[in-house]
Amino acid sequence: PTSAQVSAATQPGRFRYTLDNNLLTTEQRQFYEENGYLVIRKLVSDEDIERFRKEFIRICNKEVKPLGAMIMRDQVLRSQAAPPEKIINKVQDFQEDEELFRYCTLPQILKYVECFTGPNIMAMHTMLINKLPDSDKQTFRHPMHQDLHYFPFRPAERIVCAWTAMESAHRDNGCLVVLPGTHTEPLKPHGYPDWEGKNKLFHGILDFDKNSPRVHVVMEKGDTVFFHPLLIHGSGVNKTSGFRKSISCHFASSECHYIDVKNTVQEDIEKETVEIARAKFNVTAVDLKDIWSFRARLVQGERVNL
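These notes cover the structure that comes with them. None of these values were measured; they are calculated from a predicted model.

## A short note on the side chain of Gln-146
Step number 1: Turning to its location among the elements, Gln-146 is positioned in the loop between β5 (142–145) and β6 (153–154).
Step number 2: Given the relative accessible area of 0%, Gln-146 is considered buried.
Step number 3: Within the structure, Gln-146 has its side chain in polar contact with the backbone nitrogen of Lys-188 (distance 2.9 Å).
Step number 4: In this view, Gln-146 contacts Thr-182, Glu-185, Pro-186, Leu-187, Lys-188, His-190, Ile-205, Pro-229, Leu-230, Leu-231 and Ile-232; residues no more than four positions away in its chain are not counted.

Rendered as structure tokens:
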């Protein structure tokens, strides 16, 4: 159910956000052009999802320690000695974990990614999200935001996120929420939301209009949504007692280029990201480009710029 209108116009026009190919239908391309996202049902197999789930448990139990990965935990539950898989809510930057990184190399994922990036594809940002049940002291809803806020590379049109549900995602357990058509808007100023229990780096759009029409993207296990980095989106509260897992990767054409974000709306996120990296790796001489160059891995074609 949704209060927003989404466009499914079929009139072919000048395509800005998708590339000519034989995979997407004209209707699919037009839908993405108009709305900034596209859901492909049952794209990832149950077998692959189960392998990703098992690797997540191994990471929780410290049986494997992926180089450079950021393991984010619920600080409240951590103090209560809960099982690790019920504490960890995100594994970010898993590009050095070969089992999880398989997601970024799945042929069925890449053939769709190529429709947005072209043939030279970099995996830039990886996450496995284990959305925990919300409590009075901690929330795992993500405020409405644009992913480009975090990225110091352009052009935005050659960047796309692939986000796969590892189990049913619906309104009760905090599915993705998108504002159709907002990928055509500029990057907006972001900051921390004004609610309690906010999470590190969970930035949201400042002065966001809470009455904006939105779509709750209800998905089943294996469904994958591809969306533009300027599309305004977030996730709701997990009101269930279960965990909503998903796995995702932001892909970009290797022909994209890094930009200097100083004196822009991204300046604050640069400072925070660099501070975290310096503390995590105990280094002083590191900048935003270094951090993203470390995260990036070529998955198809030739590495040109990134």
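## Details of the side chain of Glu-55
Step number 1: Residue placement: Glu-55 occurs in helix α2 (residues 46–60).
Step number 2: We classify Glu-55 as buried; its relative accessible area is 5%.
Step number 3: Apart from residues no more than four positions distant in its own chain, Glu-55 is found in contact with Val-64, Asp-97, Glu-99 and Leu-100.

## Comments concerning the packing of α2 against helix α4 (residues 98–105)
Step number 1: Closest axis-to-axis distance for the α2/α4 pair is 9 Å, and the angle between their directions is 145°. Seen along the crossing, α2 lies across α4 with a hand that is left-handed. Contact residues: Asp-48, Arg-51, Phe-52, Glu-55, Arg-58 and Ile-59 in α2; Glu-99, Leu-100, Arg-102 and Tyr-103 in α4.
Step number 2: Tallied by class, residues from the contact of α2 with α4 come to four nonpolar, no polar and six charged.

## Describing the sheet that holds strand β11 (residues 215–217)
Step number 1: The strand order β5-β13-β8-β11 describes an open sheet built from four strands, whose pairing is antiparallel. Of all the strands in the sheet, the pair left with one neighbour each is β5 and β11. Adjacent strand axes in the sheet meet at a mean angle of 25° when their direction is disregarded.
Step number 2: Here strand β8 (residues 176–178) runs beside β11; their pairing, made up of three bridges, is antiparallel.

## Let's talk about unusual backbone geometry
Step number 1: For the peptide bond that leads from Arg-154 to Pro-155, omega is 5°, which places it in the cis range.
Step number 2: By secondary structure assignment, the location of Pro-155 is in the loop between β6 and β7 (159–165).
Step number 3: For Asp-93, which is not glycine, the phi dihedral falls at a positive 60°.
Step number 4: Here Asp-93 shows up in the loop between β3 (88–92) and α4.

## As for the nonpolar core
Step number 1: Tyr-103, Cys-104, Ile-109, Phe-226 and Phe-251 are the most contacted members of the largest nonpolar core, which has 51 residues in total.
Step number 2: Counting residues per element, this core draws most heavily on helix α5 (residues 107–117), at six residues.
Step number 3: In this structure Cys-104 touches Phe-94, Leu-110, Ala-123, Thr-126, Cys-249, Phe-251 and Val-299, once residues within four positions along its chain are discounted.
Step number 4: The next biggest cluster of nonpolar side chains, apart from the first, holds 19 residues, and it includes Met-124, Ala-252, Ile-269 and Ala-296.

Parameters at a glance
The residue numbers shown here count from 1 along each chain, following its written sequence. Confidence filtering applies because this is a predicted model: local features only for residues at pLDDT of at least 70, side-chain atom pairs given and counted only at 80 or more, and all residues used for totals across whole chains, interfaces and linings. The basis for the side-chain values is all heavy atoms of the structure; hydrogens and waters are excluded. The numbering of helices and of strands both runs from the N terminus, where a helix is a DSSP run of H or I of at least 4 residues and a strand a run of E of at least 2. For the exposure calls, accessible area comes from a 1.4 Å probe over protein chains only, and a residue counts as buried if that area is under 20% of its type's maximum, exposed if over 50%, partly exposed in between. Any pair of nitrogen or oxygen atoms within 3.5 Å is treated as a polar contact; in protein, a donor-acceptor pairing is required on top of that, and neighbouring residues in sequence qualify only through side-chain atoms on both sides. Residue contacts follow a heavy-atom distance rule, with two residues in contact if any of their heavy atoms lie within 4.5 Å. As a rule, the C-alpha atoms of each element are fitted with a line to give its axis, helices using only the stretch in contact, and angles between N-to-C directions run from 0 to 180 degrees. Handedness of a helix crossing follows the sense of rotation of the near helix relative to the far helix, less than a right angle counterclockwise being left-handed and clockwise being right-handed. Ten residue types, Ala, Val, Leu, Ile, Met, Phe, Trp, Tyr, Cys and Pro, are classed as nonpolar, four, Asp, Glu, Lys and Arg, as charged, and the remainder, Gly among them, as polar. Between any two strands, at least two bridges found by DSSP are needed for them to pair. Joining through side-chain atoms within 4.5 Å is the link that ties buried Ala, Val, Leu, Ile, Met, Phe, Trp, Tyr and Cys residues into a set, and such a set is a nonpolar core.

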